[in-house]
Amino acid sequence: MITSDSSSSGPVSVNARWVIATRESRLALWQARHVQALLEQRFGHRVGLLGMTTRGDQILDRTLSKVGGKGLFVKELEVALEEGRAHLAVHSLKDVPMELPEGFVLAAVLEREDPRDAFVSPRHADLASLPAGAVVGTSSLRRLVQLRARRPDLRIEPLRGNLDTRLRKLDEGQYDAIVLAAAGLKRLGLSGRIRTVFEPEEMLPAAGQGALGLEIRADQHELRDALATLVHRPTWLAVHAERAVSRALGGSCSVPLAAHAVWQGGELVLHAALGDPDAEPVGLLQVRCAAAVADTEAATRLGVQAAGRLRELGAEAVLARLASGA
């Protein structure tokens with residue numbers, strides 16, 4: 001385990017007012033240092049980092065849906081919070097389970113980066129340019145069903161590892177193209193690797209994609225009040241609606257569910273889609289809901305409404321097949 005302060009990879013400073021638990025990938029450390037700088041600038045306190053390797057980082061030979069889901073990326077960080085070794089954890093919000101363990105809360109969500117998915121390839125300009133039979137890498141069921149719906153002639157193969165590992169596998173020729181979150185590439189200064197981005201109507205993003213979430217223990221009232229000042233309210237309400245869709249349908253990495261909300265003319269417009277990977281051709285259930293949203297309760301109602309409309313289209317049958325492995 002590596003611990004660091006804001007300037008080195010040495011021990012966490014004993015003078016640190018708060019300590020951030022973070023995964024040790026380059027992207028996770030960028031995110032943690034971004035929050036560290038915000039906190040130090042806003043409050044004038046020294047903030048340390050506690051780097052950790054999670055089970056999700058260690059298990060790379062199986063898809064997340066087969067080894068416990070995205071919660072594998074946050075469990076060790078929550079243990080550090082519970083034991084008092086850290087005060088907050090910084091997560092890519094799309095990796096945070098819809099139901100947090102008892103005693104933990106999401107204290108803040110920062111302003112969203114680009115929520116779209118990115119097409120990355122050394123030789124091909126976009127998805128349409130790929131020849132039949134080309135190999136595309138992704139371990140996201142959400143991306144898989146949407147890719148198959150658009151290009152059933154492609155081979156979609158699993159792709160695990162952190163962002164740098166995925167890019168290396170692409171450069172080694174293991175894939176003709178891969179699909180990644182645009183936000184991570186942009187945060188690490190790798191926008192040049194993006195050949196094109198998928199607009200939401202082409203590939204609907206995951207709930208919370210592009211946003212950073214700050215998790216703390218529920219009993220840390222002073223810290224919760226402080227972090228509340230970092231909340232970006234438009235993003236906060238949008239991701240509440242998106243996550244409510246997934247929560248209402250029991251969403252996890254084993255469910256190919258997408259949800260994305262945008263503000264239009266004073267209303268929050270929420271699109272949601274559920275894929276059926278076993279259908280031939282691949283089936284996509286899609287809905288659109290909109291409402292004037294002023295608080296998290298209204299955002300949650302919007303998400304529940306979208307989930308209800310997906311059920312009206314047949315979501316229960318799809319979810320039952322996914323649960324049975326049929």
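How each quantity is defined
- Residues numbered from 1 in each chain as written.
- Predicted model: local features only at pLDDT ≥ 70, side-chain atom pairs only at ≥ 80, totals over all residues.
- Heavy atoms only, no water.
- Helix = DSSP H or I, 4+ residues; strand = E, 2+ residues; numbered from the N terminus.
- Buried < 20%, exposed > 50% of the residue type's maximum accessible area, 1.4 Å probe, protein only.
- Contact = heavy atoms within 4.5 Å.
- Areas by Shrake-Rupley, 256 points an atom, 1.4 Å probe, with all protein chains shown as cover.
- Pairing = 2+ DSSP bridges.
- Polar contact = N/O pair within 3.5 Å; in protein donor to acceptor, adjacent residues only side chain to side chain.
- Core = buried A, V, L, I, M, F, W, Y, C linked by side-chain atoms within 4.5 Å.

Draft legend 1. Looking closely at the overall build of the protein. Of the regular secondary structure elements, the protein holds 11 helices and 14 strands. Counting only residues that meet the buried cut, the protein has 53% of its 326 residues in that class. Long-range pairs, those at least 24 residues apart, make up 69% of the contacts in the protein between residues at least 6 apart in sequence. Here the protein displays about 14,100 Å² of accessible surface, and carbon together with sulfur accounts for 49% of that area.

Draft legend 2. Structural detail: the pairing of strand β13 (residues 267–276). Across the 10 residues that make up β13, a large majority, 8, are buried. With 8 bridges connecting them, strand β12 (residues 257–264) and β13 associate as antiparallel partners. By the bridge assignment for β13, Ala-261 is matched with Leu-270. Hairpin geometry of β12 and β13 is characterised by an intervening segment of 2 residues between the two adjacent antiparallel strands and by a positive phi of about 55° at Gly-265. Where β13 lies against strand β14 (residues 283–291), 9 bridges are found, and the strand directions are antiparallel. Within β14, the residue paired with Gly-275 across the bridge is Leu-284.

Draft legend 3. Looking closely at the side chain of Thr-138. If you trace the backbone, Thr-138 turns up in the loop between β7 (135–137) and α5 (141–150). One polar contact links the side chain of Thr-138 to the main-chain amide nitrogen of Ser-140, over a distance of 3.1 Å. Apart from residues lying up to four places away in sequence, Thr-138 is in contact with Arg-143, Leu-144, Leu-147, Ile-156, Glu-157, Pro-158 and Leu-159.

Draft legend 4. Fine view of the environment of Asp-153. Relative to the assigned elements, Asp-153 resides in the loop between α5 and β8 (155–157). By relative accessible area, Asp-153 is classed as partly exposed at 32%. Between the C-alpha atoms of Asp-153 and Ala-134, which are 19 residues apart in sequence, the distance is 8.1 Å. Setting aside its immediate chain neighbours within four residues, Asp-153 contacts Ala-132 and Gly-133.

Draft legend 5. How the structure looks around the side chain of Ser-140. Mapping Ser-140 onto the fold places it in the loop between β7 and α5. Residue classification places Ser-140 among the buried residues on the basis of a relative accessible area of 19%. Within polar-contact distance, the side chain of Ser-140 engages the backbone nitrogen of Arg-143 at 3.1 Å.

Draft legend 6. Broad picture of the nonpolar core. In terms of nonpolar packing, the biggest core is built from 35 residues, with Val-245, Leu-270, Leu-274 and Leu-310 touching the most fellow members. Of all the secondary-structure elements, those providing two or more residues to this core are β5 (104–109), α9 (233–248), β12, β13, β14, α10 (296–312) and α11 (315–324). Sequence-distant contacts of Leu-270, that is, excluding residues within four places in its chain, are made with Ala-241, Glu-242, Val-245, Ala-259, His-260, Ala-261, Val-287, Arg-288, Cys-289, Leu-302, Gly-303 and Ala-306. Val-105, Ala-107, Leu-212 and Leu-230 belong to the second-largest nonpolar core, a separate cluster that totals 20 residues.

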